[in-house]
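If you want the building blocks of each chain, they are given just below.
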There are 6 protein chains.
Amino acid sequence: MNRPFRVVGFGDFLLRLSPPGYLRFAQATGFNCYYTGAEANVCASLAVMGCEAAFVTRVPDNPIGRAALNELRKLGVDVSRAVFGGERLGVLYLEKGASQRPSVCIYDRMNSGVTTARPQDFDWSEILRGAQYFHITGITPGLGGNLPRIAQEACQAAHDAGAEVVCDLNYRSKLWPVAAAAKVLPALVEHADHLIANAWDARNLLGVETGDDPDEACRRLRTRFPRLRTVAMTFRTATSASDNTLTGLVNVDDVSFRSRAYTMHLVDRVGGGDAFAAGLIYGLGNHMKHQEVVDFATAASCLKHAIELDVNLATVPEIMQLVNGNGSGRVQR
Amino acid sequence: MNRPFRVVGFGDFLLRLSPPGYLRFAQATGFNCYYTGAEANVCASLAVMGCEAAFVTRVPDNPIGRAALNELRKLGVDVSRAVFGGERLGVLYLEKGASQRPSVCIYDRMNSGVTTARPQDFDWSEILRGAQYFHITGITPGLGGNLPRIAQEACQAAHDAGAEVVCDLNYRSKLWPVAAAAKVLPALVEHADHLIANAWDARNLLGVETGDDPDEACRRLRTRFPRLRTVAMTFRTATSASDNTLTGLVNVDDVSFRSRAYTMHLVDRVGGGDAFAAGLIYGLGNHMKHQEVVDFATAASCLKHAIELDVNLATVPEIMQLVNGNGSGRVQR
Amino acid sequence: MNRPFRVVGFGDFLLRLSPPGYLRFAQATGFNCYYTGAEANVCASLAVMGCEAAFVTRVPDNPIGRAALNELRKLGVDVSRAVFGGERLGVLYLEKGASQRPSVCIYDRMNSGVTTARPQDFDWSEILRGAQYFHITGITPGLGGNLPRIAQEACQAAHDAGAEVVCDLNYRSKLWPVAAAAKVLPALVEHADHLIANAWDARNLLGVETGDDPDEACRRLRTRFPRLRTVAMTFRTATSASDNTLTGLVNVDDVSFRSRAYTMHLVDRVGGGDAFAAGLIYGLGNHMKHQEVVDFATAASCLKHAIELDVNLATVPEIMQLVNGNGSGRVQR
Amino acid sequence: MNRPFRVVGFGDFLLRLSPPGYLRFAQATGFNCYYTGAEANVCASLAVMGCEAAFVTRVPDNPIGRAALNELRKLGVDVSRAVFGGERLGVLYLEKGASQRPSVCIYDRMNSGVTTARPQDFDWSEILRGAQYFHITGITPGLGGNLPRIAQEACQAAHDAGAEVVCDLNYRSKLWPVAAAAKVLPALVEHADHLIANAWDARNLLGVETGDDPDEACRRLRTRFPRLRTVAMTFRTATSASDNTLTGLVNVDDVSFRSRAYTMHLVDRVGGGDAFAAGLIYGLGNHMKHQEVVDFATAASCLKHAIELDVNLATVPEIMQLVNGNGSGRVQR
Amino acid sequence: MNRPFRVVGFGDFLLRLSPPGYLRFAQATGFNCYYTGAEANVCASLAVMGCEAAFVTRVPDNPIGRAALNELRKLGVDVSRAVFGGERLGVLYLEKGASQRPSVCIYDRMNSGVTTARPQDFDWSEILRGAQYFHITGITPGLGGNLPRIAQEACQAAHDAGAEVVCDLNYRSKLWPVAAAAKVLPALVEHADHLIANAWDARNLLGVETGDDPDEACRRLRTRFPRLRTVAMTFRTATSASDNTLTGLVNVDDVSFRSRAYTMHLVDRVGGGDAFAAGLIYGLGNHMKHQEVVDFATAASCLKHAIELDVNLATVPEIMQLVNGNGSGRVQR
Amino acid sequence: MNRPFRVVGFGDFLLRLSPPGYLRFAQATGFNCYYTGAEANVCASLAVMGCEAAFVTRVPDNPIGRAALNELRKLGVDVSRAVFGGERLGVLYLEKGASQRPSVCIYDRMNSGVTTARPQDFDWSEILRGAQYFHITGITPGLGGNLPRIAQEACQAAHDAGAEVVCDLNYRSKLWPVAAAAKVLPALVEHADHLIANAWDARNLLGVETGDDPDEACRRLRTRFPRLRTVAMTFRTATSASDNTLTGLVNVDDVSFRSRAYTMHLVDRVGGGDAFAAGLIYGLGNHMKHQEVVDFATAASCLKHAIELDVNLATVPEIMQLVNGNGSGRVQR
């Protein structure tokens, strides 16, 4: 396994500012800073896994924008296709929750480099040459401006280049209301070969009439979007901000494959979904069996919850060790 | 809801020094510093909730004393009635426990500003003008000097000003022995309209003959102290220093109202009782129904356990969200 | 109780470098530094408990080597018998795990001061004068060079001086393969009066035919190594890197004594076995009853898991409080 | 001295993010966070000096906006007149320079709360009641939107309320080009009773024909803007980012008063001008003699350079000690 | 050189709390903690130089008191003669100055363990057995209580044991007024064989009529206190809190020996005098020539100014390197 | 200017561990970690300047080795030619000096990956394809093992590929004695087209008879090593560890070009020479005039001294600004 293949992601890239530990915003005299974005996190996870991953975005041509790209480059992501421009890097203020206190997330991403991008900023046929997968989430068109159009063009170019489109719906209520998202997202999903979305998403954002049964939702999604080959999702039970349970599901040809359930004591919950998406792409690209794909993607996501910050730094051997049943966390020495 | 009303608290104010994270005193090369005091914490919580809260104390007229008051002012507490004087700020060394290792608390509060205060330092009729509540705990007279007398004068002035007295018994065995406390505290409780105390307190500190049944204890307390309208208490089950369960009880007119039980993974246990007291006062001042009062106060205390340091920084909407059943700690984004 | 007696330990001493909190190596811009070694940790724990403990090692004569010894001296360990020499201090890189993510441990200890020691560096009859116990682990001969021979000489000198030898087998798969260890360790255990090892160790490293039953293993160990008076071991159930359960067993005269089981939320797992060994020696040296010995040693180990870094800083009163059933971790104030 | 009087300031309020110590942006994994703004700094300095200072601004109604105001409240600034609104708090990224490496300053302040304020957000006659001074800088109208108009209204209201207007020209080339500033600033200075500006400012921004001689510049400024009673400025010689020399000048009735020159080893250069402005206002409000005013303002600014972050935390006795010639920085003990 | 000899010091031992870097008290959210005391610093410096140094004090029997002693033990100081008792460890709040801003020092040392000591707490003949030097400063009797008497007894016992008394006058105006000190200090100096004091001290505290000339002061001091063999002092020119110049003088038999002058960029000024005292004792104990003594002591003090915290961690080779003229601070690699 | 060209560097790569700020080793409870190596620093500086820079080394195949390479990749260095192998990453302990206290440097680099490399690990003709410059320092052959031979092969391959060899002599007395270096280094310099070395180096390490006059040394060096086209060096005057003066010299065709002298207040002295080398290569590669080359290289080195850690993060515009005379360090805003 571990066949090298090329993935391209496209989306926004933000400065994440978090108070240290469990301090609240009102207590912080400093922020830990990190750079994040759904598609960037997926690309970084894939680079850590050994894939060739390129991330396309637009950041301001100043030390902050360059520092942001450097963090991805450090992990092995190809950022040579990123474009410099725009006035600012978006900011995500994130206060980590604990026990019954939820995390708090404040977006300050208006007018970020990607938001003000123009279609001519990106030469997609050039960018996607040689790619097997193109990854995009619903956040990107949700940022407005020219992004819905650019997203369409990128997906079309991916098809033309022979790349499969992986779409993570990733609805964010603080970004846009359901009604607005429901106008934009179906057009994106039309292009998807592989979709991460659940029954609620299908019903409310994609106009698919379905109940809460995941198998039914997958079936109806594939009827409505015939291009879809894979539908995947995760189920999360949150006992508290500190403890969650996670299960994954991958549906192929109307057959569902489920991972086992992981009971997790959280270190950092952010990026758990992106780690699942990266694991899914890794499994697909390595032609794993369907059950292996969901096992790998869910184990990857599980490990992310035990890692600080947004990128899953778990390596393939580490993930496989968990897939193979060693979740005891014992130190090897 | 959220009717503005004025609360005045009176007590000591200390420098809290804690090793970072879970380090022991013997390992620390630095201390996190913060300023604390039972009544100060209550006032600060109420200020965060939007109440008009004034804290009265006596601190040395030096940069440390001024820095202490600044921290309260930052949170919106009116400290204009605090008095400068005395030689030193008391110090509380606090080592945070974990799992089976208990927290360690070392008091170094002798000769603090409040301890050496004289009655003429405070003009209570002026201070309490316009107040609806006066908050004091059993710690304050327990500090000795003129404080038992000053506490009496303050309570009397509260009655004269039409303010209700809220008394949290807050017995501290490291401060004074039971026998000494039992000589002083009944005279304080004589003044209380609202009391936080449990059956053990009633029996051992207030001379009330009662078994362990909370309802019986409340009934007998109200017989012994007829001024009392409310008796409140919390029940804590400590699995370990890391995990506790918390339930609240408010008894009015010999009828008890109980909150649901919260199973908490602790971030910082200190200040949990003060958060309950602040929630109680907030509920009373807003004329909540009895069940709402105990639900609000207990949810406030629960959230405090997930917040670093001594002051409950949870806002009213955050507390109401927990009261309304969302304790999953899921991030909203 | 708390009879002062003298313990001498001998082994390597390493610089431990750990990323802060739960960061991975790839994320760290700094390391917490500390100094560690199995026998050193045992000596330090015993010094904290009030014993006279001397640690013998060989460290380079430079500021790093001196800083290492200073940390032991700080805790009251007698390091006057340590020898300066060699080119470097060994390094242990340790990344703390959480939840399903295991800790990662990277040894860089080749050519450390102890590894290149010569027999004439240590005057054992002088060093062991007045000692009641000599403590050594299987790691020390496992480091190669002259250490198997030096270990033999030290044990022999201990017997000559009337000191009992306590041996913790402490097999480390990253240090040497089973086959290599099985050639060296039996000769060490020949000298042991007290042994910490379990059934797997007996079977694979000491050539003792036994199943997994601990009582059988103890019996067969004592048959094979007739000098042995005590065999002790711990049982650990690892739900995850964050949560473990621990039980201790001490077998004397083929009778096993078991502690109760502790369910622990881990702060730092490293040093848990060394804390058990120190507790065992403390119990033996104070002539505790057999049941008291295992209760004390296991409670000591349990508390270590709630303490950062490798040395158990729990004092005797703190351990006794846990032995006596107070594991609620409630703060005393 | 130390006559209490009321000052009102109006302007933007920003989050300042700085890498710790002398790290560059590209090296930072965290930022020290602080809140800053020219007028806010002046108000905070005056509050520390014991004046009644109110700061008017507009910040978003979220935890970041509230945390910003809390920092001013902590220092005693009256923020009850600040307005909640707008989408974001502006951000100032500041990398501290050293030796030959200059500090780097990146503004990200578009669409901050103040920038999107409307005239009706502020009831100036109410806000300025009882004020002796109104402080504003050229940055505020430079932020665009309705701010030039709001600034005019505020100045007019100040005159109506009997307050004197103190204007610090504070030209920022990264904010607006000279040509744009030259269109807006003269209208602001028309309202000023006291102006901080130098000969270059007068010539390039205020259309006053003058050479570089400060006395000439002051004279011509007062001819052009007859309302002006005081013109003040500082002269800075920068040997490097680490070492500066500072002198102050105050011109009243065409007579210039100069402070002595301070040779400073810089801790934090930001806020040095705001500290001068605060010292100037303090001197004016206390009816100091002209020479005393410039001595006090310059000493205040000098001390600010030895204090981290943007607000001058030097107290009046500390400033007076420097005015009186003790600049040796010897510790008193 | 480097003859081992034994020094005993006696005095208070304090917790020093300092904001990190150049932050002011009002800005600190944490303190660096360290343990300090004039005589303790001298003992620690001597231990670092390889001498046998014992420090006698009285600290509370709690984790803070024990942590304090541990820090000295870490550096090799014999603390086995320290006594446990008293209610608290004194606290010294120290804010580091810079440039024109002076350091701020707040004492909170009333009722510390030493202050409440009784004569019978110390068995001086036992403690001083085998000592060559007894070191005490004027601070110790200045703390009041039984300390003037205990200091007398200790000095007398030193004479009886054949140890020479080294007295550093160390007048602290925040501790006691000149008039009070002048009543107590002469009796202490009566016992001194070696004295650190300057002309101002001689005139104001010791009742010696002298001008400012150091040679005259030494001569008159030796006339007044005939036991004195050595009088030493330092001259400090403080350009600012960041830059000082230092020269040392040692006077023996009315002949003065002067070191060269060091121009220092300060890292931490505290403990500079104690480092001089330790260097003086080291030089005396090693029978250096008079010029060598002053050169060594002044170089030791100079290096202390480049070291954080209160103890001089410079080793003898490092000091000798500076004595021998290498003050360029070039890295050796 | 800023013509892209390719540079390849070859050498060791180390973990640098430094106590925070000005703490000594004996005080550190943590280390800042960074990765360093003379040639790696040069490559990183060139990558920051926009050049295509590849660094060749050998690091262990573990998370520490990978983290090391990631740091270079972050800055844009091509590490795809680095080889995984060997047991450990070398360690450099570095304690930062101040004022009269020198920095302390402890090497622990035996058996690092590069030290144990074999010739067949590197395919130099492949690696050097397309390179304009090959950079190596005298440290690399100084590490022993196969490195003198590998260095020879690399230089020969550079010539074959048309790349010029830049050699920085970089003698380290802690690495090898003069006599040993003098046997190895001339063979390396035989290959050099451009050499950084001074008169002392020429005389003691390269067997060139010359006095201290730099012009004479250059002339004689070029006579002895006829391949040499450029000889460069820097002159450093160290007032103290905090303050240095720096001047650069570049000699071409026996004509010397000197930069102006920079008086620097140091932030971090390490890497100053590597920054000069990178600036030299940048100037050569961009065909700057000789005077421009020395001005650029010296300004680059000067700025490095104001930057923490070993890599010069100054960009070309920042360096040019200093070359053009703006060394005042004023903030632009």
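What you are looking at is a predicted structure, and each value in this text was computed from that prediction instead of being measured.

The rules behind the values
Residues numbered from 1 in each chain as written. Chains lettered and ligands numbered in written order. Predicted model: local features only at pLDDT ≥ 70, side-chain atom pairs only at ≥ 80, totals over all residues. Heavy atoms only, no water. Contact = heavy atoms within 4.5 Å. Buried area = accessible area lost by both parts, 1.4 Å probe. Salt bridge = Lys/Arg side-chain N within 4 Å of Asp/Glu carboxyl O. Polar contact = N/O pair within 3.5 Å; in protein donor to acceptor, adjacent residues only side chain to side chain. Helix = DSSP H or I, 4+ residues; strand = E, 2+ residues; numbered from the N terminus. Nonpolar A, V, L, I, M, F, W, Y, C, P; charged D, E, K, R; others polar. Pairing = 2+ DSSP bridges. Axes fitted to C-alpha atoms, helices over the stretch in contact; angles between N-to-C directions. Buried < 20%, exposed > 50% of the residue type's maximum accessible area, 1.4 Å probe, protein only. Phe/Tyr/Trp six-rings, centres within 6.5 Å; stacked < 30°, edge-to-face > 60°. Lys NZ or Arg CZ within 6 Å of the ring centre and 35° of its normal. Right-handed = clockwise from strand over helix to strand, strands pointing away. Least-squares fit on C-alpha atoms with pLDDT ≥ 70 in both. Parallel < 35°, antiparallel > 145°, perpendicular 65-115°, else oblique. pLDDT = per-residue confidence, 0-100.

Colleague: Would you take a moment to explain the interface of chain A and chain C for this structure?
Modeller: Interface size is commonly expressed as the accessible area that is lost once the parts come together. The partner chain C presents 26 residues to the 24 residues of chain A that form the contact. Interface area, chain A with chain C, both sides summed: about 2200 Å², of which 55% is carbon and sulfur. Inspection of the region where chain A meets chain C yields 1 salt bridge. Between E318 of chain A and R24 of chain C there is a salt bridge; the shortest N-O distance is 2.6 Å. For the pair chain A and chain C, the number of links is 7 residue pairs in polar contact (both at pLDDT 80 or more). Put simply, the parts of the chain that give the side of chain A that touches chain C at least two residues each are β15 (262–265), α10 (290–304) and α11 (316–323) of chain A. It is β15 of chain A that provides the largest number of residues to the side of chain A that touches chain C, a total of 4 residues. Looking at side-chain class alone, the side of chain A that touches chain C contains 12 nonpolar, 7 polar and 5 charged residues.

Colleague: How do you make sense of the sheet that holds strand β7 (residues 90–95) of chain F when you look at a structure like this?
Modeller: Backbone hydrogen bonds hold the strands of a sheet together, and the pairing may be parallel or antiparallel. Overall, mixed pairing links the 8 strands, which are arranged β8(C)-β7(C)-β2(C)-β3(C)-β3(F)-β2(F)-β7(F)-β8(F) in an open sheet. The two strands at the open ends of the sheet, each matched to only one other strand, are β8 (104–108) of chain C together with β8 (104–108) of chain F. Along the sheet, successive strands turn relative to each other by an average axial angle of 30°, direction set aside. Most of the contacts of helix α2 (residues 63–74) of chain F go to strand β3 (residues 30–36) of chain F, to which it runs at about 65°, and overall it touches β3 (30–36), β7 (90–95) and β8 of chain C together with β3 of chain F.

Colleague: Is there a simple way to think about the interface of chain B and chain A in this case?
Modeller: In this assembly, 24 residues from chain B lie in contact with 26 residues from chain A. Between chain B and chain A, roughly 2200 Å² of surface is buried when both sides are summed, and carbon and sulfur atoms account for 55% of that area. If you tally residues by element for the side of chain B that touches chain A, the top one is strand β15 (residues 262–265) of chain B, at 4 residues. Residue composition of the side of chain B that touches chain A, grouped by class: 12 nonpolar, 7 polar and 5 charged.

Colleague: Just checking my understanding: could you explain the pattern of salt bridges for this structure?
Modeller: One pass over the structure, following the stated rule, counts 150 salt bridges over all chains. Its salt-bridge partner being R81 of chain A, residue E126 of chain A comes within 3.3 Å of it at the nearest N-O pair. Taken together, the positions of E126 of chain A in helix α3 (residues 124–127) and R81 of chain A in the loop between α2 (63–74) and β6 (83–84) put the pair 45 residues apart, joining distant regions of the chain. Under the relative-accessibility criterion, E126 of chain A is labelled partly exposed at 27%. Ionic pairing is found between D268 of chain C and R16 of chain C, a salt bridge with its closest N-O pair at 3.0 Å. Of the two residues, D268 of chain C sits in the loop between β15 (262–265) and α9 (272–285) while R16 of chain C sits in strand β2 (residues 14–18), which places them 252 residues apart along the sequence. What makes D268 of chain C buried here is its relative accessible area of 2%. Where salt bridges share partners, they join R24, E95 and R101 of chain A together with E318 of chain B into one cluster.

Colleague: I would appreciate a short explanation of the packing of aromatic side chains in the present structure.
Modeller: The relative placement of two aromatic rings is captured by the distance of their centres and the angle of their planes. Enumeration over the complete set of coordinates arrives at 66 aromatic pairs over all chains. With centroids separated by 6.0 Å and ring planes inclined at 35°, the aromatic side chains of Y171 of chain C and W200 of chain C adopt a geometry described as tilted. With Y171 of chain C in the loop between β10 (164–168) and α6 (178–189) and W200 of chain C in helix α7 (residues 199–205), the pair connects residues that are 29 residues apart, well separated along the chain. Centroid distance F10 of chain E to W124 of chain E: 4.9 Å. Interplanar angle 75°. Geometry classified as edge-to-face. One end of the pair, F10 of chain E, is in strand β1 (residues 6–10); the other, W124 of chain E, is in helix α3 (residues 124–127), with 114 residues separating them in the sequence. Here the two residues F10 of chain E and W124 of chain E agree in accessibility, since each one is buried. Through a chain of ring-to-ring contacts, three or more aromatic side chains come together here, namely F10, F122, W124 and F134 of chain A. For the cation-ring pair, K96 of chain A lies above Y22 of chain A, with the distance from its terminal atom to the ring centre recorded as 5.8 Å.

Colleague: Help me understand the side chain of R222 of chain F, please; the structure alone is not making it clear to me.
Modeller: All names here are of chain F. With respect to the secondary-structure elements, R222 resides in helix α8 (residues 214–224). A polar contact of 2.9 Å, which involves the side chain of R222, links it to the side chain of D254. Once residues lying within four places of it in the same chain are set aside, the contact partners of R222 are L228, R229, V231, N251, D253 and D254.

Colleague: In this structure, what is going on with the pairing of β10 of chain C? I would like to understand it.
Modeller: Two faces, one strand: in a regular strand the side chains alternate between the faces of the sheet. All names here are of chain C. Burial runs high along β10: 5 of the 5 residues are buried. Neither face of β10 is left uncovered, since the one carrying E164, V166 and D168 and the one carrying V165 and C167 both have all their residues buried. Where β10 meets strand β11 (residues 194–196), 3 bridges bridge the pair, whose relative direction is parallel. The residue bridging D168 from the neighbouring strand is I196, located in β11. Remark: the β10/α6/β11 crossover connection has right-handed handedness.

Colleague: What should I look at first to understand the relation of the copies chain B and chain A in this one?
Modeller: For these two chain copies, the linking operation is a rotation about an axis paired with a shift along it. Mapping chain B onto chain A calls for a screw motion: a turn of 120° about the axis and a shift of 0.0 Å along it, with 0.0 Å RMSD after fitting. On this basis, the relationship between the two copies can be described by a three-fold rotation axis. Using C-alpha coordinates, one finds that chain B approaches the rotation axis most closely at G21 of chain B, a distance of 5.2 Å. An asymmetric contact is evident, with only 4% of the interface residues of chain B recurring at the interface of chain A.

Colleague: Any chance you could explain the packing of helix α10 (residues 290–304) of chain D against helix α11 (residues 316–323) of chain D here in plain terms?
Modeller: Packed helix pairs are characterised by how far apart their axes lie and by the angle those axes make with each other. Residue and element names in this part refer to chain D. Interhelical geometry of α10 versus α11 gives an angle of 105° and a closest axis separation of 9 Å. Judged by the angle between their axes, α10 and α11 are roughly perpendicular. For the pair formed by α10 and α11, the contact residues are D295, F296, A299, A300, C302 and L303 on the first element and V316, E318, I319, M320, L322 and V323 on the second. Of the residues belonging to the contact of α10 with α11, the class tally is 10 nonpolar, no polar and 2 charged.

Colleague: What am I meant to see in the relation of the copies chain A and chain C here?
Modeller: If you rotate chain A by 120° and push it 0.0 Å along the axis, it lands on chain C with an RMSD of 0.0 Å. Looking at chain A, a mere 4% of its interface residues are interface residues in chain C too, so the copies touch through different faces.

Colleague: Can you walk me through the sheet that holds strand β8 (residues 104–108) of chain D in this structure?
Modeller: In space, the 8 strands of this open sheet follow the order β8(A)-β7(A)-β2(A)-β3(A)-β3(D)-β2(D)-β7(D)-β8(D), with mixed pairing throughout. The open sheet has two edge strands with one neighbour each: β8 (104–108) of chain A together with β8 of chain D. Averaged over all pairs of adjacent strands, the angle between their axes in this sheet comes to 30°, without regard to strand direction. Across 5 bridges, strand β7 (residues 90–95) of chain D lies against β8 of chain D in antiparallel orientation.

Colleague: What should I look at first to understand the environment of R66 of chain D in this one?
Modeller: Residues and elements named next belong to chain D. Structurally, R66 can be placed in helix α2 (residues 63–74). For the pair R66 and L15, spaced 51 residues apart in the sequence, the C-alpha separation amounts to 12 Å. Here the side chain of R66 touches D61 through a polar contact of 2.8 Å, side chain to side chain.

Colleague: Teacher, can you tell me more about unusual backbone geometry here?
Modeller: With glycine set apart, most residues show a phi of negative sign, and most peptide bonds adopt trans. For H287 of chain D, which is not glycine, the phi torsion reads 50° and is therefore positive. When you line up the elements, H287 of chain D lands in the loop between α9 (272–285) and α10. Phi at D254 of chain E is positive, roughly 65°, even though this residue is not glycine. Structurally, D254 of chain E is set in the loop between β13 (243–252) and β14 (255–258). Using a relative accessible area of 40% as the deciding quantity, one classes D254 of chain E as partly exposed.

Colleague: Looking at this structure, I do not really get the confidence of the model for chain A. What am I missing?
Modeller: Detailed reading of the predicted model is not advised wherever pLDDT is low. When pLDDT is averaged along chain A, the result is 95, and 98% of the positions lie at 70 or above. Overall fold confidence for the complex sits at a pTM of 0.96, while the interface term, ipTM, reaches 0.93.

Colleague: How should the environment of E39 of chain F be read in this particular structure?
Modeller: Residues and elements named next belong to chain F. Structurally, E39 is set in helix α1 (residues 38–48). Residue classification places E39 among the buried positions, given a relative accessible area of 2%. Discounting chain neighbours no more than four positions away, the residues touching E39 are G9, F10, G11, D12, F55, H135, I136, T137 and T140.

Colleague: Sorry if this is basic, but what is going on with α8 of chain F here?
Modeller: Given 3.6 residues per helical turn, the α-helix brings residues three or four places apart onto the same face. Those residues of α8 of chain F that sit buried are P214, E216, A217, C218, L221 and R222 of chain F. In the core, the buried residues of α8 of chain F are packed alongside β11 (194–196), α7 (199–204), β12 (230–238), β13 (243–252) and β14 (255–258) of chain F.

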